[in-house]
Amino acid sequence: DAGVIQSPRHEVTEMGQEVTLRCKPISGHNSLFWYRQTMMRGLELLIYFNNNVPIDDSGMPEDRFSAKMPNASFSTLKIQPSEPRDSAVYFCASSWTGPNQPQHFGDGTRLSIL
Amino acid sequence: AQSVTQPDIHITVSEGASLELRCNYSYGATPYLFWYVQSPGQGLQLLLKYFSGDTLVQGIKGFEAEFKRSQSSFNLRKPSVHWSDAAEYFCAVGANSGNTPLVFGKGTRLSVIA
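Residues numbered from 1 in each chain as written. Chains lettered and ligands numbered in written order. Predicted model: local features only at pLDDT ≥ 70, side-chain atom pairs only at ≥ 80, totals over all residues. Heavy atoms only, no water.

Visitor: Explanation requested: the side chain of B:Lys78 in the structure shown.
Guide: Looking at the secondary structure, you find B:Lys78 in strand E9 (residues 73-78). If we ignore the near neighbours within four places in the chain, the residues touching B:Lys78 are B:Ala17, B:Ser18, B:Leu19, B:Lys61, B:Gly62, B:Phe63 and B:Asp85. (Helix = DSSP H or I, 4+ residues; strand = E, 2+ residues; numbered from the N terminus. Contact = heavy atoms within 4.5 Å.)

Have a look at this one:
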């Protein structure tokens with residue numbers, strides 16, 4: 001079974017550029033989560049979707065961050081314009097909806113903003 | 001709202017020694033509890049989960065965890081640690097109602113020495 005697939009695995013770009021991170025959840029899962037992980041702040045939930053609808057985006061740090069889920073098999077996290085402090089590892093996870101459903105994580109995108 | 005605390009930021013054990021990683025949760029009812037492991041450069045992988053029933057839960061890679069309601073704890077154990085167990089370990093708690101996502105602890109980094 002294919003797991004959660006994220007692309008790219010690594011991204012290096014200059015400050016001010018637009019960055020788009022992509023995620024393909026596990027087929028059939030109807031909840032999708034975007035996380036950011038840094039040494040200082042640990043694992044932070046940015047936003048999550050149920051059935052392609054954003055439920056809680058209170059973790060999105062600024063208006064520069066946006067996320068979409070146009071269909072059940074694809075989601076994007078966009079940063080525009082990017083800043084050096086956005087450098088982190090961004091994870092996507094998916095699950096069946098429900099509090100007892102474990103989340104399945106992708107391998108992450110390591111983002112470096114110069 | 002639920003919360004989880006992992007009191008130990010970093011633990012070092014000798015290969016072959018036993019291991020216990022602590023996790024304390026806060027939630028008004030019986031929670032759903034999870035342990036995840038993150039190896040360097042990878043996403044989080046589910047080790048085990050507790051929903052109800054037997055309070056001693058077996059997971060992958062020889063790990064187990066015990067739910068103790070009286071102590072609000074869900075500690076992870078392994079009788080004999082292997083060098084490949086060196087990783088970051090995350091405890092997570094889910095509410096048993098509603099659709100709120102899992103809440104993760106800040107993680108415990110495990111180092112294994114020869």
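Now that the structure has been shown, the text picks up again.
Visitor: Any chance you could explain the nonpolar core here in plain terms?
Guide: For soluble globular proteins, the rule of thumb is that nonpolar side chains tend to be buried together. B:Leu19, B:Trp35, B:Leu47, B:Leu48, B:Phe74, B:Leu76 and B:Tyr89 are the most contacted members of the largest nonpolar core, which has 26 residues in total. Those elements that place two or more of their residues in this core are strand E2 (10-14), strand E3 (19-21), strand E5 (32-38), strand E6 (44-50), strand E8 (64-68), E9, strand E10 (87-94) and strand E12 (108-113) of chain B. Among the elements that take part in this core, E10(B) stands out by supplying 4 residues, more than any other. Excluding anything up to four places from it in sequence, B:Leu76 contacts B:Leu19, B:Glu20, B:Leu21, B:Trp35, B:Leu47, B:Leu48, B:Phe63, B:Glu64, B:Ala65 and B:Tyr89. One finds A:Ile26, A:Phe49, A:Ala67 and A:Ala88 within the second-largest nonpolar core, a separate group that totals 21 residues. (Core = buried A, V, L, I, M, F, W, Y, C linked by side-chain atoms within 4.5 Å. Buried < 20%, exposed > 50% of the residue type's maximum accessible area, 1.4 Å probe, protein only.)

Visitor: Could you clarify how one ought to interpret the state of the cysteines in this entry?
Guide: Two cysteines joined by a covalent bond between their sulfur atoms form a disulfide. All names here are of chain A. The full count for this structure, using the stated rule, is 2 disulfides over all chains. Each sulfur in the disulfide pair cysteine 23 and cysteine 92 lies 1.9 Å from the other. Where cysteine 23 bonds to cysteine 92 through sulfur, the torsion about that S-S bond is close to -65°, and the disulfide is left-handed. Taken together, the residues span a long stretch of sequence, with cysteine 23 in strand E3 (residues 19-24) and cysteine 92 in strand E9 (residues 88-95) at a distance of 69 residues. Judged by relative accessible area, cysteine 23 falls into the buried class, the value being 2%. With relative accessibility at 0%, the residue cysteine 92 sits in the buried group. (Disulfide = S-S within 2.5 Å.)

Visitor: Is there a simple way to explain the packing of aromatic side chains in this structure?
Guide: Each aromatic ring pair is summarised here by two numbers: the centre-to-centre distance and the angle between the ring planes. Taken as a whole, this structure holds 14 aromatic pairs over all chains when the rule is applied. Consider the rings of A:Phe33 and A:Tyr48, whose centres lie 5.6 Å apart with planes at 25°: the pair is stacked. Taken as a pair, A:Phe33 in strand E4 (residues 31-38) and A:Tyr48 in strand E5 (residues 42-50) lie far apart in primary sequence, 15 residues in all. Classification of A:Tyr48 by relative accessible area gives buried; the value is 6%. Considering the side-chain rings of A:Tyr35 and B:Phe104, the 5.8 Å spacing of their centres and the 85° angle between planes classify their relative orientation as edge-to-face. (Phe/Tyr/Trp six-rings, centres within 6.5 Å; stacked < 30°, edge-to-face > 60°.)

Visitor: How do you make sense of the pattern of salt bridges when you look at a structure like this?
Guide: Oppositely charged side chains are able to pair whenever their charged atoms sit close together. All names here are of chain A. All told, the structure shown has 12 salt bridges over all chains when counted by the stated rule. Close ionic contact of lysine 78 with glutamate 18 constitutes a salt bridge, the shortest N to O distance being 3.9 Å. Highlighted residues: lysine 78 in strand E8 (residues 74-79) and glutamate 18 in the loop between strand E2 (10-13) and E3, separated in sequence by 60 residues. Across the pair glutamate 44 and arginine 41 runs a salt bridge, and its minimum N-O distance is 2.8 Å. Residue classification places glutamate 44 among the buried positions, given a relative accessible area of 15%. (Salt bridge = Lys/Arg side-chain N within 4 Å of Asp/Glu carboxyl O.)

Visitor: Explain the side chain of A:Thr13 here, please?
Guide: Structurally, A:Thr13 can be placed in strand E2. Those residues in contact with A:Thr13, other than ones at most four positions away along the chain, are A:Val19, A:Ser82, A:Ser112, A:Ile113 and A:Leu114.

Visitor: Hey, could you run me through unusual backbone geometry in this one?
Guide: Residues A:Ser7 and A:Pro8 are joined by a peptide bond in cis, for which omega reads -10°. Structurally, A:Pro8 is set in the loop between strand E1 (5-7) and E2. A:Gln80 connects to A:Pro81 through a cis peptide bond whose omega is -5°. Among the structural elements, A:Pro81 can be located in the loop between E8 and E9. Here the phi dihedral of A:Asn51 falls at roughly 50°; this positive angle occurs in a residue that is not glycine. Looking at the secondary structure, you find A:Asn51 in the loop between E5 and strand E6 (53-56). The phi dihedral of B:Lys61 falls on the positive side, at around 60°, and the residue is not glycine. Mapped onto the secondary structure, B:Lys61 falls in the loop between strand E7 (56-58) and E8.

Visitor: Looking at this model, I keep getting lost on the environment of B:Phe63. Mind explaining?
Guide: Residues and elements named next belong to chain B. Assignment of secondary structure puts phenylalanine 63 in the loop between E7 and E8. Along the primary structure phenylalanine 63 and valine 4 are separated by 59 residues, whereas in three dimensions their C-alpha atoms are 20 Å apart. Apart from residues lying up to four places away in sequence, phenylalanine 63 is in contact with Leu19, Leu47, Leu48, Val57, Gln58, Leu76, Arg77, Lys78, Asp85 and Tyr89.

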